[in-house]
Amino acid sequence: MAVGKTSVGRLLAASLRWEFSDSDSEIRAQEGTTARELQDARGAPVLHELEARLLLDALARVQPSVVCAAASTIDDERCRAALRGPGVSTIWLQATLATMVARYEADPHRPHYPQGTAAALAAQLATRRANFCSVASATIAVDDLTPEQTAGRVLSLIDRKSVV
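All values reported here derive from a predicted model rather than from experimental measurement. (Residues numbered from 1 in each chain as written. Predicted model: local features only at pLDDT ≥ 70, side-chain atom pairs only at ≥ 80, totals over all residues. Heavy atoms only, no water.)

Draft legend 1. Inspection of the nonpolar core at higher detail. Ranked by internal contacts, the top residues of the largest apolar core, which has 38 residues, are L55, I91, L93 and I140. No other element matches helix α7 (residues 117-135), which puts five residues into this core. In terms of nonpolar packing, the next biggest core, distinct from the first, is built from six residues, I27, A35, L38 and L54 among them. (Core = buried A, V, L, I, M, F, W, Y, C linked by side-chain atoms within 4.5 Å. Buried < 20%, exposed > 50% of the residue type's maximum accessible area, 1.4 Å probe, protein only. Helix = DSSP H or I, 4+ residues; strand = E, 2+ residues; numbered from the N terminus.)

Draft legend 2. Inspection of the packing of aromatic side chains at higher detail. Following the criterion strictly, the structure yields two aromatic pairs and no others. Between W92 and F132, the aromatic rings sit 4.9 Å apart at their centres with planes inclined by 20 degrees, giving stacked as the arrangement. Placement of the pair is W92 in strand β4 (residues 91-94) and F132 in helix α7, with a sequence separation of 40 residues. Exposure remark for W92: the relative accessible area of 9% places this residue in the buried category. Here Y104 and Y113 contribute two aromatic rings whose centre-to-centre distance is 5.8 Å and whose plane-to-plane angle is 35 degrees, an arrangement assigned as tilted. Of the two residues examined, Y104 and Y113, each falls in the buried class. (Phe/Tyr/Trp six-rings, centres within 6.5 Å; stacked < 30°, edge-to-face > 60°.)

Draft legend 3. Region of interest: the pairing of strand β5 (residues 138-141). Burial along β5 is one-sided: A138 and I140 are buried, while T139 and A141, pointing the other way, are not. In the sheet, β4 pairs with β5 via four bridges, with the strands oriented parallel. By the bridge assignment for β5, L93 is matched with I140. (Pairing = 2+ DSSP bridges.)

Draft legend 4. Structural detail: helix α6 (residues 97-105). Within α6 the residues assigned to the buried category are T99, M100, V101 and Y104. Residues of α6 that are buried sit in contact with α7. (Contact = heavy atoms within 4.5 Å.)

Draft legend 5. Broad picture of the packing of helix α2 (residues 23-31) against helix α4 (residues 44-60). Two elements in contact, α2 and α4, have axes whose closest approach is 10 Å; the angle formed by their N-to-C orientations is 110 degrees. With respect to their mutual orientation, α2 and α4 come out roughly perpendicular. Here S23, E26, I27, Q30 and E31 of α2 come into contact with α4, specifically with L47, L50, E51, R53 and L54. Grouping the amino acids of the contact of α2 with α4 by side-chain chemistry returns four nonpolar, two polar and four charged. (Axes fitted to C-alpha atoms, helices over the stretch in contact; angles between N-to-C directions. Parallel < 35°, antiparallel > 145°, perpendicular 65-115°, else oblique. Nonpolar A, V, L, I, M, F, W, Y, C, P; charged D, E, K, R; others polar.)

Laid out in structure tokens, this is it:
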């Protein structure tokens, strides 16, 4: 939800020398399109099912990895169960709505919301908050942190098997 997970994830993966998995880049590689284009062409349910499958596939890998999952995956019980699995450290990066809106609107691959970005993100967060809390090993407020600072905090928290 536009909290910097890809930037932080890349730093973590490099620091740990682990595999890096990001749903946005995997969508581009598999579908030849951005998440926005996929949602516009085939609908949100298709996009969200693909995002869930990408997360589940990444978590099923044997090697330690840093996984940047799409926020929509938290709506899927299969994904929540996998995120609670043994050896998985799920870190919820939180930001204020203003920060998320600014970051979201600056990235052209993100889906468009007819009701406006702020209203859509606020509604999503309201419905997803409990699910995020149910899987989070830890939560980090990122508004005033650089990606490097956030990655440092994550490194101090993880069990070093898998980070989502």
